[in-house]
Amino acid sequence: MIEARGLSKRYGDVVAVDDVSFSIGNGEVVGFLGPNGAGKTTTMPMLAGFLPPSDGTAELAGHDIFDAALEARRAVGYLPEALPLYPEMTVDAYLRYVARIKDVPRGTRSEAVARAAERCGLNRVRRRVIGTLSKGFRQRVGLAQAIVHDPAVLILDEPTVGLDPLQIREIRGLIAELAAPEQGDVQHAVVLSTHILAEVEAICRRVILIHEGRKVVDAPIEDLTAGGQTLDEVFARETTRDTTVEGAA
Ligand SMILES: Nc1ncnc2c1ncn2[C@@H]1O[C@H](COP(=O)(O)OP(=O)(O)OP(=O)(O)O)[C@@H](O)[C@H]1O
Ligand SMILES: [Mg+2]
């Protein structure tokens, strides 16, 4: 599971993320929403242990990002907004490299790479050099590297951006399946950011909405739309509210 406890990030005078807390259980896919500049892309690497928070902490599958940094990093698959891919490497070599740094045992690395490639629709391009791939295929490589070590938690920043409609469907299916497999397999906790509200409705049961760095909504979609409102309307209402007056009185 994923626990965020009072996460904050300041850049000089800019408060990008302000005291954000939430908890995401195994089997859950939570949509992380907010307008441009709300703080989504700042929150995700803090959750994943890649960007030190100014305040607060996070726990991944029971491992604190400070006190158990190594275990926390092993437990997480992270798809950043801007992928740090190695353009001169082949897809296979890159995925093997990621599997190695994520401590997948040597004996099962090939299998792990093959499974991630298969799941992300990469079989046709495994021997290609990453730099020559189209944008959508590079995004698939990004997803494959996030899941190659079968992490307990997945943190995905706009996972379907740039993908074709067929692949979007497949990736949404994959995310849902990873979170709550039909039989046997381990459940995962997934948080994903997106601007596509239809995507949220398709695969998430719960949304967390942030606005100006603060969490303003954390609720099941069912509850948010129970009064006949659409998710668009909820989003619009919660993100046009002026938060600057809060606490000023
Ligand atoms: N390195 C940085 N230095 C200064 N300010 C930053 C830095 N990174 C982010 N910010 C600021 O933090 C705020 C949150 O940015 P962030 O990228 O997290 O938003 P976002 O919700 O991901 O937006 P988008 O939907 O556009 O991707 C913005 O005001 C941004 O300008
Ligand atoms: Mg962003």
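Residues numbered from 1 in each chain as written. Chains lettered and ligands numbered in written order. Predicted model: local features only at pLDDT ≥ 70, side-chain atom pairs only at ≥ 80, totals over all residues. Heavy atoms only, no water.

Q: Please clarify how the sheet that holds strand β10 (residues 214-220) should be interpreted in this entry.
A: The mixed open sheet is built from six strands, whose spatial order is β6-β7-β8-β3-β9-β10. Only two strands of the sheet have a single neighbouring strand rather than two, namely β6 (76-79) and β10. Geometrically, the sheet is characterised by an average inter-axis angle of 15° between neighbouring strands, direction not taken into account. Two strands pair when backbone bridges link them, and β6 and strand β7 (residues 153-157) are joined in this way by four bridges, in the parallel orientation. The residue of β7 that forms the bridge with leucine 79 is leucine 156. Its contacts with the sheet place helix α5 (residues 135-147) against β6 and β7, and it is angled at close to 165° to β6. Running over the sheet, helix α9 (residues 231-240) touches β3 (29-33), β9 (206-211) and β10 and is turned about 30° from β9. (Pairing = 2+ DSSP bridges. Helix = DSSP H or I, 4+ residues; strand = E, 2+ residues; numbered from the N terminus. Axes fitted to C-alpha atoms, helices over the stretch in contact; angles between N-to-C directions. Contact = heavy atoms within 4.5 Å.)

Q: Hey, could you run me through the coordination of the magnesium ion (ligand 2) in this one?
A: Tetrahedral coordination by four donors places them ideally at 109.5 degrees to one another around the metal; octahedral coordination by six donors ideally gives 90 or 180 degrees. Looking at the magnesium ion (ligand 2), one finds its protein donor set to be Thr41 (OG1) and Glu81 (OE), positioned 1.9 to 2.4 Å from the metal centre. One end of the pair, threonine 41, is in helix α1 (residues 40-47); the other, glutamate 81, is in the loop between β6 and α3 (91-101), with 40 residues separating them in the sequence. Taking relative accessible area as the criterion, glutamate 81 reaches 47% and is therefore assigned partly exposed. (Donors = N, O, S within 2.8 Å, 3.2 Å for Na, K, Ca; no water. Buried < 20%, exposed > 50% of the residue type's maximum accessible area, 1.4 Å probe, protein only.)

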